[in-house]
Amino acid sequence: MRFNQSKFTLALALSICGCALVQDAFALPTFERAFNSIFTKEKKVDPNAEKMQAQPEFSEEKAKSISKHSDLGDMFFKRRDFTNAMLEYQIVTKGDPNNYKAHFMLGKILMAMSDYEEALKEFNIVVQIRPVSGDGHFMKAEAHRMLSQFESAQQEYATALKTDSRNALAMSYLGECYRNSGNPRIAITVLKDAIKLDPHLVVPHVILAKVYLATRLPEPAVEQFEIAVDLNTKDAITRTQYGAALCELSKFDKAEAQLRKAIEIDPNYAEAHIRLSYCLAKRRKLPDALEEARLAVALAPNSADTHSNLAWVYSENGDHTSSVMQYKLASQIDPKNTKLRRALGLSLRDQGDIDGAIAELLYVTRQNPHDDEILLALNELMQKRKKQN
């Protein structure tokens, strides 16, 4: 199974300082959306590959059953009916525990469902079955990367590149790992090599732009984003990232234009509405910002990002009660996110709920005892409560 690299453009959420979202700046919230679309473009598995996997001791009836459930899994996967596809592939692995394709497809489904830990387990099986599978190591690397396990991801991308040294996508994400590991110089070198391998691949240009932004080189960052947008003018994801970068560079007119173009391309892309709401709030266009933030929540009600963004906009508008409510909803969706709890605590403070704020901020300090801003806020709140008593 070989990926069509020119079409495999997993989206990367732009990491920018001062972002309105309280999520990790290096998070990749658009992965599921991009992942669901790219595999509809992937080359079909060689029909002979599965036949070669049939074990000699299988009876004809069992072999037919495995083939039937594998075909059903393919059909459901093509329809994006991941639940039924998973059930079919699980039946295959029960009958044939060493079925490479079934484990590979289960891993892809779990990735699309954002269950990266379980996906990693499947890809571990995949590379055990076929240690020299470049695609297997690539997808294992992807699972590690989505779990922010960048050193492990680097090793797997490097293994995939040993199988295919011209895999520009693997090299691009290797560069992304170096970027996230705080090695911008190595990242730039690797990303430039990826661009040489495939100048028409969007991903390395986007990552390189992000490296330049992080190293305070705005001009080459903008240049790389321009190249990425020109390579695929109908890509709302890349255009959204470009607009967000322009906003952080205080180029608000251009940022708003890019973000509105992204929404025109894909009106249902919640991330574009989030970024536009942030940009509008920065321009103090708060009614418009609230409208976009609410629309993002309507489009993605189960996303902690949309609720946390709406909370931030409410806070900018001075509506701390609504802000607290949205941060609580975001925290319920993603209860392990310390940054959400941090934002909730500060919002409770602004609302005047001293006890609630102290409870949240104490939790945050247990997770991150070196957060000076929170320690200071917590000390001030303790003093206020002492005076009240």
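Residues numbered from 1 in each chain as written. Predicted model: local features only at pLDDT ≥ 70, side-chain atom pairs only at ≥ 80, totals over all residues. Heavy atoms only, no water.

Novice: Lay out the overall build of the chain with the relevant residues and their values.
Specialist: A count of helices and strands for the chain gives 21 helices and zero strands. The buried share among the 389 residues of the chain stands at 52%. Counting contacts in the chain only where the partners sit at least 6 residues apart, residues at least 24 apart contribute 55% of the total. Counting only carbon and sulfur atoms, one obtains 49% of the accessible surface of the chain, whose full area is about 18,600 Å². (Helix = DSSP H or I, 4+ residues; strand = E, 2+ residues; numbered from the N terminus. Buried < 20%, exposed > 50% of the residue type's maximum accessible area, 1.4 Å probe, protein only. Contact = heavy atoms within 4.5 Å. Areas by Shrake-Rupley, 256 points an atom, 1.4 Å probe, with all protein chains shown as cover.)

Novice: Which residues make up helix α19 (residues 338–351), and what are the values?
Specialist: If you check α19, its first and last C-alpha atoms are 20 Å apart, about what 14 residues at 1.5 Å a residue would give, namely 20 Å. If you check which residues of α19 are buried, you get Leu 340, Arg 341, Ala 343, Leu 344, Gly 345, Leu 346, Ser 347 and Leu 348. Its buried side turned inward, α19 meets α17 (304–316), α18 (320–333), α20 (354–367) and α21 (372–388). Measuring from the side-chain oxygen of the N-cap residue of α19 to the backbone nitrogen of Lys 339 gives 3.0 Å; that N-cap residue is Asn 337. Gly 352 sits one or two residues past α19 and shows a positive phi near 100 degrees. (Expected span 1.5 Å × (residues − 1). Polar contact = N/O pair within 3.5 Å; in protein donor to acceptor, adjacent residues only side chain to side chain.)

Novice: So what's going on with the pattern of salt bridges? Residues and values would help.
Specialist: Within the structure shown, the criterion is met by 18 salt bridges. Among the salt bridges present, the one from Arg 145 reaches Glu 142, with a minimum N-O distance of 3.0 Å. With Arg 145 and Glu 142 both in helix α7 (residues 134–146) and three residues apart, this pair spans about one turn of that helix. By the burial criterion, Arg 145 is buried, and Glu 142 matches it. (Salt bridge = Lys/Arg side-chain N within 4 Å of Asp/Glu carboxyl O.)

Novice: If you had to explain the state of the cysteines to someone new, which residues and values would you point to?
Specialist: One pass over the structure, following the stated rule, counts zero disulfides. No disulfide involves Cys 247; its nearest neighbouring cysteine sulfur is the one of Cys 279, lying 3.7 Å away. (Disulfide = S-S within 2.5 Å.)

Novice: Before we move on, could you go through the side chain of His 144 and cite the residues and values that matter?
Specialist: Residue placement: His 144 occurs in helix α7. Ignoring anything within four residues of it in the chain, the contact list for His 144 reads Leu 120, Gln 149, Ser 152, Ala 153 and Glu 156.

Novice: So what about the environment of Ala 377? Which residues, and what values?
Specialist: Among the secondary structure elements, Ala 377 is positioned in helix α21. Between the C-alpha atoms of Ala 377 and Leu 346, which are 31 residues apart in sequence, the distance is 8.1 Å. Setting aside anything within four residues of it in sequence, one finds Ala 377 in contact with Leu 346, Arg 349 and Leu 361.

Novice: So, unusual backbone geometry: which residues are in play, and what are the values?
Specialist: In this model, Ser 114 sits at a positive phi of 65 degrees, which is unusual for a non-glycine residue. Tracing the chain through its elements places Ser 114 in the loop between α5 (100–112) and α6 (116–129). Given a relative accessible area of 33%, Ser 114 falls into the partly exposed group. Phi angles above zero are rare outside glycine, and Arg 284 is one such case at about 65 degrees.

Novice: Can you lay out the confidence of the model for the chain for me, pointing to particular residues and giving the numbers?
Specialist: For the chain, per-residue confidence averages 86 on the pLDDT scale, and 85% of positions sit at 70 or higher. Low pLDDT, under 50, characterises residues 1–56; the stretch is placed with 149 contacts to residues that sit more than four places away or in other chains. (pLDDT = per-residue confidence, 0-100.)

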